[in-house]
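# Per-entry structural report
The chain contents come next:
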Amino acid sequence: MPVSKYRQPLPPDSKISFPQFGNYGIAMEHLIQKGLGMTYVMPPRMTRHTLELGARYAPDSVCAPFKLNLGCFLECIDAGADTLIQTGGTCRLGYYGELHEQILRDMGKDVRFVNFAECDFSRPKTFVDEFRELKPDLDIKRFTAAAVETVRMVNAIDEVDALFRRRIGFAEDPRAMDAIRTNWLKQLRMADGIKQIELLRKATVRMLENQKVNMPKHPIRVGVVGEFFTIMDPFSNHDIEYELAHMGVLVDRWMDMTNCMYHYRSRKMLPRIKEYAHYNMGATAMATIDAALHYAKSGFDGIIHVKSAGCTPEIDAIPALQNISADYHVPILYLSFDTQTSETGLNTRLEAFYDMISMRKQARK
Ligand code: SF4
């Protein structure tokens, strides 16, 4: 049987794109351009239109990440991409690639689809094999160097984001902090080589730390837990961390790409959370429970659980979270995002949650 034209090695002039996911597109761009020597099409910033576009062509019952990715793929095609990358996951995300591809074919889109669903993050060789299929003359030395830099970029993005999250709510000049971050991401896109990435990271961390903050001795602390895509993508969660920070909350989140890549399997979560869950419920549900338990034990004032509507693994985690909430007397706000989530309704719930945990903190003094 002849190999489908969509499964053949990529032509050298391919224009590759990957759906927007937080700021990680910068790292993906580096890998494609430097590692493969091909063109990367940066997906346009997601907007309401992206979501509506995805929702129009996706099955109604799928989770929001599917719809957002589909909308994003369509916008990438409009921006000139002819090759789309899809990754796998430990939930139905592993099947999304085929479904996205089928929908795009039915719409008459003549694009190539690269699906990394079979690859294993804990075994980088599986990715190398896949890339070799895409580019049989792959320069392994060049690709490996680019891959190492890509991982370092991801780590640096996560480190700067975490620092920003902790400080922005108390900054004397939040606009200056915003500008530092915007400039950091702009410069990171141009960085080449570990040395440049490191210099840039260090300079940005120093600049953020030098910004004056007026943090109370005992700030209100909120831990954010939940489904990996919705929690890490600010557009998907209506940037709730930023909203919380502007209310004067110290926001902490364990889940990011670095922790997912390096610490998810090795953390031996199950023994730690054995009172609340006995089996792995799939996707990142165990990390949700583990992080919530950590925040509860560390005396955080509140926890916010973020998920997409219809996300089975995170729905399964909710009873465990309710038990943690009862055992440690820590309030948990459950937020479920879909294509209909309204900004006003969300802000009202966040403000009510903030009022409740701040009054509680006052009463306990
Ligand atoms: S973890 Fe949940 S929201 Fe995310 S892709 Fe899987 S089912 Fe969808």
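Residues numbered from 1 in each chain as written. Predicted model: local features only at pLDDT ≥ 70, side-chain atom pairs only at ≥ 80, totals over all residues. Heavy atoms only, no water.

On to the site of the ligand. What surrounds the ligand is the set Cys63, Pro65, Cys91, Arg92, Tyr96, Glu227, Phe228, Ala283, Ser308 and Cys311. Looking at the shell around the ligand residue by residue, the class counts come to seven nonpolar, one polar and two charged. When residues of the shell around the ligand are sorted by domain, at least three fall in each of domain 1 (14-138) and domain 3 (217-365). (Near = heavy atom within 4 Å. Nonpolar A, V, L, I, M, F, W, Y, C, P; charged D, E, K, R; others polar. Domains from an automatic or database assignment.)

Turning our attention to empty space enclosed by the protein. The tally for this structure, following the rule as stated, stands at one cavity of 30 Å³ or more. Size it by volume and the largest cavity reaches roughly 40 Å³. Every residue lining the largest cavity is listed: Val224, Val225, Gly226, Ile231, Trp254, Met255, Ala287, Thr288 and Ala291. Counting residues per element, the ones that place at least two in the lining of the largest cavity are β5 (220-226) and α13 (285-297). (1 Å grid on protein atoms, 1.4 Å probe; cavity = no way out; pocket = protein on both sides within 12 Å on 5 of 7 lines; lining within 4 Å. Points joined across faces, edges and corners; volume = space filled by probe spheres on them. Helix = DSSP H or I, 4+ residues; strand = E, 2+ residues; numbered from the N terminus.)

Our next topic: the domain arrangement of the protein chain. The domains assigned to the protein chain are domain 1 (14-138), domain 2 (153-215) and domain 3 (217-365). The gap between the C-alpha centroids of domain 1 and domain 2 is 27 Å. Taken together, the contact pairs eight residues of domain 1 with eleven residues of domain 2. For the pair domain 1 and domain 2, the summed buried area comes to about 880 Å², and 62% of that belongs to carbon and sulfur atoms. It is Asn23, Tyr24 and Ile26 in domain 1 that bury the most area against domain 2; as a group they hold 56% of the surface buried on that side. Scanning the region where domain 1 abuts domain 2 turns up two salt bridges. Ionic pairing is found between aspartate 192 and lysine 34, a salt bridge with its closest N-O pair at 2.8 Å. Scanning the region where domain 1 abuts domain 2 turns up three residue pairs in polar contact (both at pLDDT 80 or more). A breakdown of the residues in the side of domain 1 that touches domain 2 according to their chemical character gives four nonpolar, two polar and two charged. (Contact = heavy atoms within 4.5 Å. Buried area = accessible area lost by both parts, 1.4 Å probe. Salt bridge = Lys/Arg side-chain N within 4 Å of Asp/Glu carboxyl O. Polar contact = N/O pair within 3.5 Å; in protein donor to acceptor, adjacent residues only side chain to side chain.)

Sheet topology places strand β7 (residues 302-308) next to strand β8 (residues 332-337); six bridges connect them, and they run parallel. Bridge pairing in β8 links histidine 305 to tyrosine 334. Handedness of the crossover is the feature at issue here: the chain leaves β7, passes through helix α14 (residues 312-328), returns alongside β8, and the resulting connection is right-handed. (Pairing = 2+ DSSP bridges. Right-handed = clockwise from strand over helix to strand, strands pointing away.)

What follows covers the packing of aromatic side chains. Tallying each qualifying case throughout the model produces nine aromatic pairs. Look at phenylalanine 73 and phenylalanine 113: their rings are 5.3 Å apart centre to centre, the planes differ by 70°, and that puts the pair in the edge-to-face class. Taken as a pair, phenylalanine 73 in helix α3 (residues 64-78) and phenylalanine 113 in strand β4 (residues 112-116) lie far apart in primary sequence, 40 residues in all. A relative accessible area of 0% means that phenylalanine 73 is categorised as buried. Plain terms: the ring middles of tyrosine 295 and phenylalanine 300 are 4.6 Å apart, the flat faces sit at 50° to each other, and that makes the pair tilted. Residue classification places tyrosine 295 among the buried residues on the basis of a relative accessible area of 1%. Residue classification places phenylalanine 300 among the buried positions, given a relative accessible area of 10%. Ring pairing ties together the aromatic residues Phe116, Phe127, Phe131 and Phe143, which thus form one cluster. The side chain of arginine 181 reaches across the aromatic face of phenylalanine 164, ending 4.0 Å from its centre. (Phe/Tyr/Trp six-rings, centres within 6.5 Å; stacked < 30°, edge-to-face > 60°. Buried < 20%, exposed > 50% of the residue type's maximum accessible area, 1.4 Å probe, protein only. Lys NZ or Arg CZ within 6 Å of the ring centre and 35° of its normal.)

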